[in-house]
Amino acid sequence: PIVPLLTRRAAALSDIKADQVSLIYGRIAKVPINTIRQYVLAWLRLEQWYEGWAMKRPKDTLYPLTASTIWNYMKHLDQKKCGPAVPDAARAAMGWVADRLGFDAETEDDFVQDVIDEIKMERAKPPKKARPPRPSTIASIERTVCDTTINQIVRVACWWVLLMAWCSLRGDDLRQVSPGSL
């Protein structure tokens, strides 16, 4: 599915870009095809934005990708009210495509990181308050862990649930947390 998409898009690009896009096919290594598809689509969205934006800033380039161009694209994403994970995903796509096509990308610039952190702080959702488990539920899980007649895999899974309950941690409590909201 990704090959026809890139082939159609590459035909619409200039000859130099079409040659660079065709290099992706020969240099893919151990990356799931859905991830590659998302990286390429993110890059194509960046190119589309750049075509309209480049008239205003002729010094910034896409090949090689400058920190200024990345910073301005992140500001564009911020104005579009993107989600908190979008800037990191876009930066990962930029780095991956730049690496595969053999040009430099200043994706690790401090100013770029500042914009990404600002977007995360602004849009991150506060963690949901988890209802504590009922004591009867904890007691029944403890009995399951101690019962030697029950399958060992089930007992280990129950032990893991107990450990999380005892530590009062849930995996989703730590994702997308804005430190300022704590």
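Residues numbered from 1 in each chain as written. Predicted model: local features only at pLDDT ≥ 70, side-chain atom pairs only at ≥ 80, totals over all residues. Heavy atoms only, no water.

Undergrad: Which residues make up the packing of aromatic side chains, and what values go with them?
TA: The full count for this structure, using the stated rule, is six aromatic pairs. Seen from their ring centres, W43 and F103 are 5.8 Å apart, and the 50 degrees between their planes marks the pair as tilted. In this pair, W43 sits in helix α3 (residues 33-53) while F103 sits in the loop between α5 (86-101) and α6 (110-123), placing the two residues 60 residues apart along the sequence. Each member of the pair, W43 together with F103, is buried. Geometrically, the ring pair formed by Y50 and W53 is tilted, given 6.1 Å between the ring centres and 50 degrees between the ring planes. Placement of both Y50 and W53 in helix α3 is noted, with a separation of three residues, approximately one turn of the helix. Among the aromatic residues, those joined into a ring-pair cluster are W49, Y50, W53 and Y73. (Phe/Tyr/Trp six-rings, centres within 6.5 Å; stacked < 30°, edge-to-face > 60°. Helix = DSSP H or I, 4+ residues; strand = E, 2+ residues; numbered from the N terminus. Buried < 20%, exposed > 50% of the residue type's maximum accessible area, 1.4 Å probe, protein only.)

Undergrad: Which residues make up unusual backbone geometry, and what values go with them?
TA: In the Ramachandran plot, K81 falls in the positive-phi region, its phi being about 60 degrees despite a non-glycine side chain. Checked against the element boundaries, K81 lands in the loop between α4 (67-79) and α5.

Undergrad: Please give an account of the packing of α4 against α5 that cites residues and values.
TA: The description of two packed helices rests on the angle between their axes and on the distance between the axes. Where α4 meets α5, the axes come as close as 10 Å, and the angle between the chain directions of the two elements is 145 degrees. In this structure, the crossing between α4 and α5 has a hand that is right-handed. Here I70, Y73, M74 and L77 of α4 come into contact with α5, specifically with V86, P87, A90, R91 and M94. Split by residue class, the contact of α4 with α5 holds eight nonpolar, no polar and one charged. (Axes fitted to C-alpha atoms, helices over the stretch in contact; angles between N-to-C directions. Left-handed = near helix turned anticlockwise from the far one by under 90°. Contact = heavy atoms within 4.5 Å. Nonpolar A, V, L, I, M, F, W, Y, C, P; charged D, E, K, R; others polar.)

Undergrad: Explain the pattern of salt bridges residue by residue, including any values.
TA: Under the defined criterion, the tally for this structure stands at six salt bridges. Between D78 and R123 there is a salt bridge; the shortest N-O distance is 2.9 Å. You can see D78 sitting in helix α4 and its partner R123 sitting in helix α6, a full 45 residues away along the chain. For the pair D78 and R123, one class covers both residues: buried. Of the charged contacts, one joins D88 and K120 as a salt bridge, the two residues approaching to 2.6 Å between their closest N and O atoms. Of this pair, D88 sits in helix α5 while K120 sits in helix α6, placing them 32 residues apart in sequence. A relative accessible area of 31% places K120 in the partly exposed class. (Salt bridge = Lys/Arg side-chain N within 4 Å of Asp/Glu carboxyl O.)

Undergrad: Now, about the side chain of T69: what can you tell me, with residues and values included?
TA: Inspection of the secondary structure puts T69 in helix α4. Contacts of T69, omitting those with residues within four sequence positions, involve W49, Y50, W53, D60 and T61.

Undergrad: A description of the nonpolar core should follow, citing residues and the corresponding values.
TA: Across soluble globular proteins, nonpolar side chains have a tendency to be buried as a group. By size, the foremost hydrophobic cluster in this structure holds 30 residues, and its most contacted members are W43, L46, L65, Y73, M74 and M94. Every element with two or more residues in this core is listed here: α3, α4, α5 and α6. With 10 residues, α3 is the largest single contributor of residues to this core. With sequence-adjacent residues up to four places away left out, W43 is seen in contact with L62, Y63, L65, M94, V97 and F103. Within the second largest apolar cluster, five residues are counted, among which are I138, I141, V145 and L162. (Core = buried A, V, L, I, M, F, W, Y, C linked by side-chain atoms within 4.5 Å.)

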